[in-house]
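Read off the chains here:
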Amino acid sequence: MSDESPLAWTDDGQPRSRLYGDVYFSVEDGLAETRAVFLQGCGLPGAWTGRTRFTVGELGFGTGLNILALLDLWRTHAPSGAHLHVFSVEAHPITAEEAARALARWPELADLAALLVARWPGRARGFHRIDLPEVSATIDLAVMDVEAALSEWSGQADAWFLDGFSPALNPAMWRDEILALVAARSAPGARAATFTVAGAVRRGLAAAGFAVDKRPGFGRKRERLEARMPGAPLPRDLPRVAVVGAGIAGASAARALRALGCAPIVLDAVGPGAGASGNPAALVTPRLDAGLGPLARLFAQAFGRAKRLYEALPDAVLARGVLQIAGEDRDVARFDKIAASDIFEPDALVPLDAAAAGVRLGEPSIGTALDLTKALVIEPVGVLTAWTGPIRRARVARIAPGASGWTLWDAADGVIVEADAVILTIGPAIGALLDGLPIAPVRGQASWTDAATTAQAAAWGGYAVPTRTGLLFGATHDRGETATDVRDDDHGRNLATLAAALPRLAAGLSSADLQGRASVRATTPDHLPLAGPAPGLEGVYVLGGLGSRGFCLAPLLAEHVAAQALGAPSPLPAPLAELVAPDRFHRRAARKGRSVPAGDR
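Residues numbered from 1 in each chain as written. Predicted model: local features only at pLDDT ≥ 70, side-chain atom pairs only at ≥ 80, totals over all residues. Heavy atoms only, no water.

As recorded by an unreviewed UniProt entry, the chain carries the name tRNA 5-methylaminomethyl-2-thiouridine biosynthesis bifunctional protein MnmC and is attributed to Phenylobacterium haematophilum. Listed in UniProt under the heading Catalytic activity (unreviewed entry), the comment for the chain reads: "5-aminomethyl-2-thiouridine(34) in tRNA + S-adenosyl-L-methionine = 5-methylaminomethyl-2-thiouridine(34) in tRNA + S-adenosyl-L-homocysteine + H(+)". Reading the Subcellular location (unreviewed entry) entry of the UniProt record for the chain gives the comment "Cytoplasm". (UniProt positions renumbered as here; feature names shortened; annotations may be inferred.)

Below you can see the structure in the form of structure tokens.
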């Protein structure tokens, strides 16, 4: 990605596109133009009257001015308890500092501008989510080409702000194919508005199914366009959602549901972190894939989202930066390729030679490494407590269709709760409640001690990270095992793994008193998570199979599942959602005429 800003400043302080030679907003009064062209043009605020959820799509995020005007209207005229969702596209994002300068000319929006600028999205290619709970709103920004963004978004907009640069200067934004995608992503009765009345735009909107009308323009522009899709919006109430499990997957699901205005019912037999999420520290690092395709994009987006959410929690972060130690010679080329890609933020991945890595780790014999500068070590207990909320202590033995939705039963055949939707997040135990999901257990034991620590977290086939009071390292990986007793032999295996990568650190622990914890994680045959509707069970959703990267994957995938349960737009692009869809094994098996595979054994 280029380091050069797409924005240039005119002599009178107006932002102008360096790439397209057009202004970002009217030189007369950009805010007044936005209100006239887009808010009035989409019939706002009247169009959202009586709605519990309203979605606005935008082509051309720019400085964020249109969205600030929308948020200003929403905070004063939104229906009680309603949530606003915005999906916007920007192929050439500006910086937060540039946005702050451009927006400073409207002091009446200063408080909203400060919120938006403080949470300004990054530059990595992909989808970025911005939370604005202060005004009950969520923004998903797609940093990519407009056609790819619209193709990969799974939502439906109730209103569209078509605000690309002038069709004469940026014709790619206004092609018939783009307007057809806008129509395909529009809810019944959706309205669209734009400043341009170019004939090609009028014809493209009409061909896509919109009824198009000219209206009086703003300022020196004589006319603008309003368009409307046929139909009427469908009423939608917030469902009752039960979340089963209170590990990082369940806690993330509870947080995601609340962020969208739903108060979940969280059920767990023991409490937060009783399973695989209960260690004293956890790594937040992505899986590194040099293919740079959907798999790499999934982990990059999940990592970026997890980082933002954990950093927003007081005292959750124990350490920043993790060195990924190369395991073999080919890792050097892999690290270089991944670090040069645009799916991570600039400078998020920095290759280190052996000398630099050795200095950082205090190990003279270390090899090359990749410095994951944005990676985190977090303390799980604070995250789980903050996100889970109230927990109803209950062990769910079975679920079955009820009079309306689903009934959850205990082992004594007593009804625990009834809900419209259920999200299962209980790791390998999901298989006991649902037939046909290939999910299998993997036992892992971690070791820790207060006799040593490390200033630099590191990962390889194992890991060594600081805790609040010492050092955590490990972990064993035993497929098919479910016992959770702590074993001296496994402490020995963890020490051997540590010694293979960091011999000096391991030597200092030869006589240390070790504590440990064993838990059972869930894995799948393709080593990818399950996140989405359970096959053949409407209203039942799965979030599991996260393996050893639950703290990286869970926050984003929980938002995906919560969106599906509530009928809201998902932050997960469609190709990435396909990777984690729980029915993928059934579809693959059907294509090959085979049965669904069992979990890894």
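Chemist: Got a minute to help me understand the overall build of the chain in this structure?
Modeler: Of regular secondary structure, the chain possesses 18 helices and 29 strands. In summary, the chain has a C-alpha radius of gyration of 26 Å against a globular reference of 25 Å for 601 residues, a match within 12%. By residue count, 57% of the 601 residues in the chain fall in the buried class. Across the chain, contacts joining residues at least 24 apart in sequence account for 71% of those joining residues at least 6 apart. Accessible surface computed for the chain: about 23900 Å², of which carbon and sulfur atoms make up 51%. Considering the chain, the positive charge centre built from 59 side chains and the negative charge centre built from 63 side chains are found 3 Å apart. (Helix = DSSP H or I, 4+ residues; strand = E, 2+ residues; numbered from the N terminus. Rg over C-alpha atoms; globule rule 2.2 N^0.38 Å. Buried < 20%, exposed > 50% of the residue type's maximum accessible area, 1.4 Å probe, protein only. Contact = heavy atoms within 4.5 Å. Areas by Shrake-Rupley, 256 points an atom, 1.4 Å probe, with all protein chains shown as cover. Lys, Arg positive; Asp, Glu negative; His and termini not counted. Charge placed at Lys NZ, Arg CZ, Asp CG, Glu CD.)

Chemist: Help me out: how do you make sense of empty space enclosed by the protein in this one?
Modeler: Empty space among the atoms becomes apparent when a probe as large as a water molecule is rolled across them. Applying the stated criterion across every chain, the model contains two cavities of 30 Å³ or more. Considering only enclosed or pocket space, the largest cavity measures out at about 40 Å³ in volume. For the largest cavity, the full set of lining residues is Arg 129, Asp 131, Thr 138, Arg 255, Ala 256, Ala 259, Leu 260 and Glu 559. Counting only elements with at least two residues in the lining of the largest cavity, the list comes to strand S5 (126-132) and helix H8 (248-259). It is H8 that contributes the most residues to the lining of the largest cavity, three residues altogether. Looking at side-chain class alone, the lining of the largest cavity contains three nonpolar, one polar and four charged residues. Counting only domains with at least three residues in the lining of the largest cavity, you end up with domain 1 (7-229) and domain 2 (238-280 + 379-438 + 524-600). The space that makes up the second largest cavity amounts to roughly 30 Å³. Along the walls of the second largest cavity sit Asn 279, Gly 444, Ala 446, Tyr 463, Ala 475, Arg 517, Ser 519 and Arg 521, which together make up its complete lining. The element that contributes the greatest number of residues to the lining of the second largest cavity is strand S27 (residues 515-523), accounting for three residues. Taken together, the residues of the lining of the second largest cavity break down into three nonpolar, three polar and two charged. (1 Å grid on protein atoms, 1.4 Å probe; cavity = no way out; pocket = protein on both sides within 12 Å on 5 of 7 lines; lining within 4 Å. Points joined across faces, edges and corners; volume = space filled by probe spheres on them. Nonpolar A, V, L, I, M, F, W, Y, C, P; charged D, E, K, R; others polar. Domains from an automatic or database assignment.)

Chemist: For this particular structure, what's the right way to read the sheet that holds strand S29 (residues 540-544)?
Modeler: Either a parallel or an antiparallel arrangement is found when strands of a sheet pair, and the pairing is made through backbone hydrogen bonds. Pairing in this open sheet of six strands is mixed, and the strands run S17-S12-S11-S21-S29-S28 from one edge to the other. For this open sheet the edge positions go to strand S17 (391-393) and strand S28 (530-533), each flanked by a neighbour on one side alone. Mean inter-strand twist for the sheet, computed between neighbouring axes without regard to direction, equals 20°. (Pairing = 2+ DSSP bridges. Axes fitted to C-alpha atoms, helices over the stretch in contact; angles between N-to-C directions.)

Chemist: I tried to follow the domain arrangement of the chain on my own but got confused; where do I start?
Modeler: For the chain, the assigned domains read domain 1 (7-229), domain 2 (238-280 + 379-438 + 524-600) and domain 3 (440-454 + 469-518). Distance from the C-alpha centre of domain 2 to the C-alpha centre of domain 3: 29 Å. Facing the twelve residues of domain 2 at the interface are seven residues of domain 3. Surface buried jointly by domain 2 and domain 3 totals about 700 Å² across both partners, of which 55% is contributed by carbon and sulfur atoms. Where domain 2 meets domain 3, there are zero salt bridges. (Buried area = accessible area lost by both parts, 1.4 Å probe. Salt bridge = Lys/Arg side-chain N within 4 Å of Asp/Glu carboxyl O.)

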